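A structural walkthrough
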Amino acid sequence: MPDSIRSYCSGVNSTGFSWGTYPCTSYVYDWRDGELADEKDWRDLLNDNLCKAGFVTKVVLDKANEDCKDEDPIVTKYSRSTYAIGWPLQGYSDRDDRRGEQTNKLVGGIFGSGTYGPALLASISAPILKYSATSLNSQRYVNRTSGDKTINVLMSEGVTGREADTQFQAVFLSILSLVFVFLYIWFNVGSLFLAVTGTFEIVASLPLAWFVWRIIMWQVRLDVFAFSLIIFLILCIGADDIFVFIDTWKSSATKPAHISGSIETRLQWTYVHAASAMFTTTATTVLALVMTATSTIPFIQSFGIFAFLVVIMDYLLVITWFPVTVIVYEKYFVSGCCAKWCACLPSCKIKKTDPSKPVPTRRSVVFIRDKVAPVFFKYRLYLFTMTSLLVIAMCVVLGSLYKVGEDFPDFYVPTHPFYAMNEIQREKFFTADDWRHSVMIVYGSKPDAPVNRSLNGQLTLDIQNDEDLVGNYVPFNFDVRMQESLVKDCDDLKKDASLVYKKQAYCMLNNIRNWRPDDFPYEGTKELRVAIDEFLKSDTYAAKIVAETLYERNTGFSPDGDDGIKNYWVTYNATIPKEASSGPNSLKSWQIKWEAVADTECAAPCYPHMINPPTSSPISWEFMTIIEILEETVWSTMMLSVLCAWVVLVFVTRNWWISTMVAFIIVCIMVCVIATVFCIGYVMDIFVSTFVALTIGLAIDYSVHIAHFYVHSKGNRFERTQYALAEIAVSVLGGAITTIFAGLPLFAAPTATNSLFGFFIFFTSIWSAGLTFFLFVPALMMFGPEGRQGTFDWLRKPTPKVARGDKEEAQL
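Quick caveat: nothing in here was measured; it's all calculated off a predicted structure.

The secondary structure content of the protein chain amounts to 29 helices and nine strands. The buried share of the protein chain, taken over its 812 residues, is 48%. Put simply, 70% of the contacts in the protein chain that link residues at least 6 apart link residues at least 24 apart.

Have a look at this one:
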């Protein structure tokens, strides 16, 4: 910290006034020592002070009081106060000095260990609770009088940890989903023991995947938001696998004696059928996740890889651990001693059967085989036609409502107090007296890749850790000619009224030249570093950062040792309209103009960088690029995922005909899901395009199950479809119900991302189950492959014909 800045606390500077001792602990005035004025005097005091010359009225009062005048009484519906927390903390040179450590000493909440944040939250909670209709811990904004509370006091400060705690609530909501999944597995399989072991198998896939992620792949962290989404995803997928295995196991008991005769033969038959069916859905889901892992967005990439690991671990457990528990249940609970002591539990009561008699086919199977399948066959043309028309209608809806999001979506749901606070500040207040979008030009950094992603192989970065973000620099010599050229760059660009607003710029070298014009330029980099260090300690610099509060951020350099410079940056207030958003339609043209300046007018290799404005919504070229990448790749990712599913199905089923039918159904499902989300009011923004890529795996499973059992059956189209429905329809319905209700808790999430993911899970399951039964099943009954249709027999060598006499001789 420069001595001139420290002096503002101690009073050694030109102001001649002492504010306190460093780090600016005031001993001049403590508001707690003041005496509160009489309430009858408040209006006059507010009028006298809020409209006083020099007071930043627009920061405190709403837009209705823009023309605040002393003679007019102040009437405002909204008012706000801002309190700055001093940086740096004692023992640190500046705010960027070990920023992570400083933050940890302040921040509270679940992830914080600091003491300041919790103390601040505790001190402010009591008065807010006393006077505000919306309490500090409320998850819903109260926009009306509540008892004797006629005002709302909204407060947001990251240092308290409230925001992080709110975002973490999705993890707690996953517990509700876990409870439902456990209860439904218990209801479906009819055994508390298998429900416990099955739920354990699903949950165990998470730490096993984390072991691979942390120990084998050496990944230190994973985004909490990504982890919470993966919990819901694996609950749905894991429950579906359990239902498939259990239903196949139950079905084995009704098969002929060579299958149902012993536990060993039943397990062998179950393992072959269930493991292959689960392998097909797992492989298609995994490849869909692999497609997301190819994304250039770190969050999506890490989500795809970790979810891939979790799904793999779940599959390995469901074909190893879970079959063992089923055998234990069969030997010790059904026919063993354990059946005696657990018979008091409804789920453990064992129906006594005569071992000499064949086990009757389950009633659900008989009902689907003899009642449901014939109805589907009878009305197959009607079902296919009506469902196809529905899909066509949803395509029309998607085409008419399709819109690319231009604004960065709000992080909280509209009913949450944080959303209300952001909305009020955005709509009712000025951000500052005068602000402009700013463009920073950085010299000396590699233009096409100024920053390296983590060199230690980390996929999820800690932006506060310098080791995770490594700059790429180009050789940069600050000789006399370069110094003069850099100063000229700033002087010339300020004159470009089409790009720079009223010649407003932050250029340190130009200020140093004006500070000591006789000494500029300096002989070389070493001499320039000495001059910069002296400038930073000067009263001129101290006055500069007071008059221009963003000066420190907007211009400066990166030191290279004691006497070198890695890069240098300047900033211009741009003519980009204030109302601009982060969408390509709004910002792309401005990015092109500034990149043209960087390519043709910079004295050294440089790149332009748009700084986020002081608004509640992030607006910059970085976010615009993210929007562009996601919105351009969402359809290609979906098509690649469908193609991968088709390849897996062809490999497993050896039938391109039915694989193509499944791929078509998957596309129909995703189109209907996206159209439904658009009907709710969403657009193709960052969140929607992300979840489209992440939920493709859920759209695959149901139709793949039906297709798998279809190709492994015999008979005509109806008989094969009937067999597939009888064998797997109960499992598909169980998986759909589990997925639908497992996603419902996310509807209550305070964050818009989690809530939207709940919508995607819910609607993906509904559309997937609906189109599987009402479009795919009728299509199989009408167009499904028969006999060897759709196989690759034509690739095989034809079998040589044998003469009749030779054939009879061979038979003899």
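Turning next to the nonpolar core. With 137 residues, the main nonpolar core has Ile-185 and Phe-776 as its most contacted residues. In terms of residues, this core owes the most to one element, helix 8 (residues 224-252), which gives 18 residues. Once residues within four sequence positions are removed from consideration, Ile-185 is found in contact with Gly-190, Ala-195, Thr-199, Ile-202, Ala-239, Ile-242 and Phe-243.

So, about the packing of aromatic side chains. Enumeration over the complete set of coordinates arrives at 36 aromatic pairs. For the pair Tyr-541 and Tyr-551, a centre-to-centre distance of 5.9 Å together with 70° between the ring planes defines the contact as edge-to-face. Separated by ten residues along the polypeptide, Tyr-541 in helix 20 (residues 539-547) and Tyr-551 in helix 21 (residues 551-554) bring together distant segments of the chain. The class of Tyr-551 is buried, set by a relative accessible area of 0%. Taken together, the aromatic side chains of Phe-180, Tyr-184, Phe-187, Phe-243 and Phe-741 make up a single cluster linked through ring pairs. Positioned above the aromatic ring of Trp-249, the side-chain terminus of Arg-266 is 3.9 Å from the ring centre. The ring of Tyr-501 has Arg-436 lying over it, and the distance from NZ or CZ to the ring centre is 4.1 Å.

Across all of its chains, the model carries nine salt bridges by this definition. Taking the shortest distance from any N to any O, the salt bridge between Lys-255 and Glu-727 comes out at 3.1 Å. Of this pair, Lys-255 sits in the loop between helix 8 and helix 9 (257-260) while Glu-727 sits in helix 27 (residues 717-743), placing them 472 residues apart in sequence. Between Glu-330 and Arg-266 there is a salt bridge, with its nearest N and O atoms 3.5 Å apart. With a gap of 64 residues between them, Glu-330 in helix 12 (residues 321-334) and Arg-266 in helix 10 (residues 263-293) connect regions that are remote in the sequence. Here the two residues Glu-330 and Arg-266 agree in accessibility, since each one is buried.

With that settled, consider helix 28 (residues 752-783). A maximum bend of about 35° is found in helix 28 at Thr-772. Buried residues dominate helix 28, accounting for 28 of its 32 residues.

With that out of the way, let us pick up the side chain of Asp-685. Assignment of secondary structure puts Asp-685 in the loop between helix 24 (656-680) and helix 25 (686-694). A polar side-chain atom of Asp-685 sits 3.1 Å from the main-chain amide nitrogen of Phe-687. Residue contacts for Asp-685: discarding those within four places in its chain leaves Gly-405, Pro-409 and Glu-631.

For the rest of this paragraph, the subject is the state of the cysteines. Scanning the model with the defined rule gives two disulfides in all. A sulfur-sulfur distance of 2.0 Å marks the disulfide that ties Cys-490 to Cys-507. The S-S bond linking Cys-490 to Cys-507 shows a torsion near 80°; that makes this disulfide right-handed. Of this pair, Cys-490 sits in helix 17 (residues 480-494) while Cys-507 sits in the loop between strand 6 (500-506) and helix 18 (508-515); the two residues are 17 residues apart in sequence, bridging distant segments of the chain. A relative accessible area of 3% places Cys-490 in the buried class. No disulfide involves Cys-668; its nearest neighbouring cysteine sulfur is the one of Cys-672, lying 6.5 Å away.

The residue after Phe-520, namely Pro-521, is reached through a cis peptide bond having omega 0°. In this fold, Pro-521 is placed in the loop between helix 18 and helix 19 (525-536). One non-glycine residue, Lys-502, adopts positive backbone phi at about 50°. Among the residues examined, Lys-502 registers a relative accessible area of 64% and is labelled exposed. The residue Arg-654 is not glycine, and still its phi comes out positive at about 60°. Here Arg-654 shows up in the loop between helix 23 (621-653) and helix 24.

This next bit is on a nonpolar patch on the surface. A cluster of nonpolar side chains, Val-375, Tyr-379, Tyr-382, Met-386, Leu-389, Ile-392 and Val-396, forms an exposed patch at the surface whose accessible area comes to about 710 Å². By residue number, the principal contributor to the nonpolar patch is helix 15 (residues 380-401), which donates five residues. You can see Ile-392 is positioned in helix 15. For Ile-392, a relative accessible area of 49% translates into the label partly exposed.

The topology assignment puts Asp-701 in helix 26 (residues 696-711). Taking the relative accessible area as the measure of exposure, Asp-701 reaches 5% and is therefore buried. A polar side-chain atom of Asp-701 sits 3.2 Å from a polar atom in the side chain of Thr-285. If sequence neighbours within four positions are ignored, Asp-701 has contacts with Asp-240, Thr-281 and Thr-285.

For helix 14 (residues 363-378), which comprises 16 residues, the first-to-last C-alpha distance of 22 Å matches the rise-based estimate of 22 Å (1.5 Å per residue) to within 8%. Maximal helix bending in helix 14 amounts to about 30°, located at Val-372; proline Pro-374 follows within four positions. Inspection of helix 14 places Val-365, Ile-368, Ala-373 and Phe-376 among the buried residues, and these make up the whole buried set. Structurally, helix 14 contributes buried residues whose contacts are with helix 15, helix 27 and helix 28.

What follows concerns the packing of helix 17 against helix 18. Close contact between helix 17 and helix 18 brings their axes to 8 Å; oriented N to C, the two are set at 105°. By the criterion of interaxial angle, the relationship of helix 17 to helix 18 is roughly perpendicular. Two secondary-structure elements touch here, helix 17 through Leu-486, Val-487, Cys-490 and Asp-491 and helix 18 through Leu-509, Asn-510 and Arg-513. Residue composition of the contact of helix 17 with helix 18, grouped by class: four nonpolar, one polar and two charged.

Calculation rules
Residues numbered from 1 in each chain as written. Predicted model: local features only at pLDDT ≥ 70, side-chain atom pairs only at ≥ 80, totals over all residues. Heavy atoms only, no water. Helix = DSSP H or I, 4+ residues; strand = E, 2+ residues; numbered from the N terminus. Buried < 20%, exposed > 50% of the residue type's maximum accessible area, 1.4 Å probe, protein only. Contact = heavy atoms within 4.5 Å. Core = buried A, V, L, I, M, F, W, Y, C linked by side-chain atoms within 4.5 Å. Phe/Tyr/Trp six-rings, centres within 6.5 Å; stacked < 30°, edge-to-face > 60°. Lys NZ or Arg CZ within 6 Å of the ring centre and 35° of its normal. Salt bridge = Lys/Arg side-chain N within 4 Å of Asp/Glu carboxyl O. Bend = angle between axes of the 7 residues up to and from the residue. Polar contact = N/O pair within 3.5 Å; in protein donor to acceptor, adjacent residues only side chain to side chain. Disulfide = S-S within 2.5 Å. Patch = residues over 30% accessible without salt bridge, like charges linked within 9 Å, V, L, I, M, F, W, Y side chains within 5 Å. Areas by Shrake-Rupley, 256 points an atom, 1.4 Å probe, with all protein chains shown as cover. Expected span 1.5 Å × (residues − 1). Axes fitted to C-alpha atoms, helices over the stretch in contact; angles between N-to-C directions. Parallel < 35°, antiparallel > 145°, perpendicular 65-115°, else oblique. Nonpolar A, V, L, I, M, F, W, Y, C, P; charged D, E, K, R; others polar.

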